[in-house]
Structures are given as structure tokens and as C-alpha cells.
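Structural overview for review
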Amino acid sequence: MEELADRSVAVDDDAPMLSSQALAALQEFLREQSQSPADQSEVALVTEDWRLSQFWYDRETAETVANEVIALCSGTHSRVACIACPTLYAYLKRIDPSVSVQLLEYDKRFEQYGSDFTFYDYNQPEELPTEMKHAYQVIVADPPYLSGECLEKVTQTISFLSQANAYLLLLTGEVQKDRAAELLGLHPCIFRPKHSSKLGNEFRLFTNYDPRMRLGGWEQEK
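1. Some words on the confidence of the model for the protein chain
Residues shown with low pLDDT carry predicted positions that ought not to be read at fine detail. Of all residues in the protein chain, 73% have pLDDT values of 70 or greater, and the mean over the chain is 83. In this model, residues 1–16 is a region of pLDDT below 50 whose contacts with residues beyond four sequence positions or in other chains number zero contacts. Note that residues 32–43 has pLDDT below 50 and, in this model, nine contacts with residues that lie over four places away or in other chains.

Okay, structure coming up:
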């Protein structure tokens, strides 16, 4: 090692030197080359379409919910269903590409996800492939609209997909709190989801299980 060090000192003073701009470009290239496979295979999201009531989660929300889902799947081969929440699908695949997750979504631009995509119209809540019936242990739903009718139909879909004792997570407006409890037995968590485009409606995350220290735990009744 010392001999190599001596050779480095003896380099000709006239050897060409990189300019600061070229050095910066080289460093950037090397940084990109050293990225992990998970970074290189990150799932891209399409642009939000407000006509379809599409509003993507911000990074903190997407990562928090994705990590919760992965924690629920830990040590098992649980299958995950994401109903109308493509942001979550993307982050799940970025964090753990091996997770088994199905995206149910109306927007056919997400057909780019191949066999992980299933076309879904909440107006036909059970028009899904028969092999999906009672096949999922973790289900996350984000109904596209804040109407009672939409939540009721998504509830039918959840019932269709759920295995016995499935974990349910619902992301929807605060206004659906009582209906979520009535239809699915869900409780609000302290963690508050946010979107990259600031929405006027207060959004909440509801679960049918006590996350304890995760997600801030269940909100206590006043």
C-alpha cells in the first residue's frame, strides 16, 4: 500500500486536470451508477387527472402507509389489494419490490403495471376476476369520491376481496368517520394523511385493527 501511495505522489505535474464542471459531471455520473436497484426500478406515477378525482399522496403519507402495510405483511406471504390508491402501490413496489400487491383502478393508464393492474369501477363493485375473491389479507382503499354511496360500494368490494380477519385501511375524508365505523367497524388513527396538492377536505386514515404505536395509534374518543 505504501508503494502505491508513493507512485501517486510521483505523478507528472503536467498531467491533464479535469475542470470543475467536468469533475462535477463525473461525480454525478458515478452517483447515478452507484444507485441501488430499488432506486432504478422506482415505479413512476402518471399526472393527476382531477376529472377522475385523482389526488396523489405526498411522500411522507405514501411512505408511512406503505411501511405500515409492509409491517402487516412481515413474516407472511400476505397478498395486498390497493383500491384506487396508485400512489401507495408505487411506494410499496419501490420500498419492497417483492411484495404481492394488486392495484384496482379505473384509470387505464395504470395498465403499464402489467398483471399488477386490474380495471375497477366502483359502480360495479364485484365485477372482478373470480380468483380475487377472498384472496387478500391486507386491503387499503381510497374511495374516489366522498359520497356515502361511493363508500358503500367500495365496502362491497372490500367484502369481496377480504380473507377472514383481514387488515383494512381506509383513507377518506373526516366526513365519512361515522359511516366508516358503521359499515366496516373502523377507527380513526392519529396520523393524518396529506396530498401533494393541498386539499380543502380534512383527510383521515381509518383501520379495523389497533396499530398501537404505529400511525400514532387510534384516536381516543372525546
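2. Quick notes on the pattern of salt bridges
Considering all chains together, one arrives at 13 salt bridges under this definition. Taking the shortest distance from any N to any O, the salt bridge between K153 and E149 comes out at 3.0 Å. With K153 and E149 both in helix α6 (residues 148–161) and four residues apart, the pair spans about one turn of that helix. Judged by relative accessible area, E149 falls into the partly exposed class, the value being 43%.

3. Focus: empty space enclosed by the protein
For the coordinates displayed, the defined rule picks out one cavity of 30 Å³ or more. Here the largest cavity defines a volume of roughly 30 Å³. In terms of lining, the largest cavity is formed by I139, A141, I158, L168, L169, L170, L184 and L186. When residues of the lining of the largest cavity are traced back to their parent elements, those giving at least two are β4 (136–141) and β5 (162–173).

4. Quick word on the pairing of strand β7 (residues 203–207)
The buried fraction of β7 is high, at five of five residues. Of the two faces of β7, both are covered, the one formed by F203, L205 and T207 as well as the one formed by R204 and F206. In the sheet, strand β6 (residues 187–188) pairs with β7 via two bridges, with the strands oriented antiparallel. Its bridge partner lying in β7, H187 is registered against T207.

5. Side note on the packing of aromatic side chains
For the structure shown, the criterion picks out five aromatic pairs. When the ring of Y89 is compared with that of Y113, the centres are 4.7 Å apart and the planes differ by 25°; the resulting orientation is stacked. One end of the pair, Y89, is in helix α5 (residues 86–95); the other, Y113, is in the loop between β2 (100–105) and β3 (117–119), with 24 residues separating them in the sequence. Summarising the aromatic geometry, the rings of F110 and Y113 are spaced 5.6 Å apart at their centres and angled 45° between planes, so their arrangement reads as tilted. Y113 carries the same exposure label as F110, and that label is buried. The structure contains a cluster of three or more aromatic residues connected by ring pairs, namely Y89, F110 and Y113. Between the NZ or CZ atom of K108 and the centre of the ring of F119, over which it lies, the distance is 5.0 Å.

Rules used in this analysis
- Residues numbered from 1 in each chain as written.
- Predicted model: local features only at pLDDT ≥ 70, side-chain atom pairs only at ≥ 80, totals over all residues.
- Heavy atoms only, no water.
- pLDDT = per-residue confidence, 0-100.
- Contact = heavy atoms within 4.5 Å.
- Salt bridge = Lys/Arg side-chain N within 4 Å of Asp/Glu carboxyl O.
- Helix = DSSP H or I, 4+ residues; strand = E, 2+ residues; numbered from the N terminus.
- Buried < 20%, exposed > 50% of the residue type's maximum accessible area, 1.4 Å probe, protein only.
- 1 Å grid on protein atoms, 1.4 Å probe; cavity = no way out; pocket = protein on both sides within 12 Å on 5 of 7 lines; lining within 4 Å.
- Points joined across faces, edges and corners; volume = space filled by probe spheres on them.
- Pairing = 2+ DSSP bridges.
- Phe/Tyr/Trp six-rings, centres within 6.5 Å; stacked < 30°, edge-to-face > 60°.
- Lys NZ or Arg CZ within 6 Å of the ring centre and 35° of its normal.

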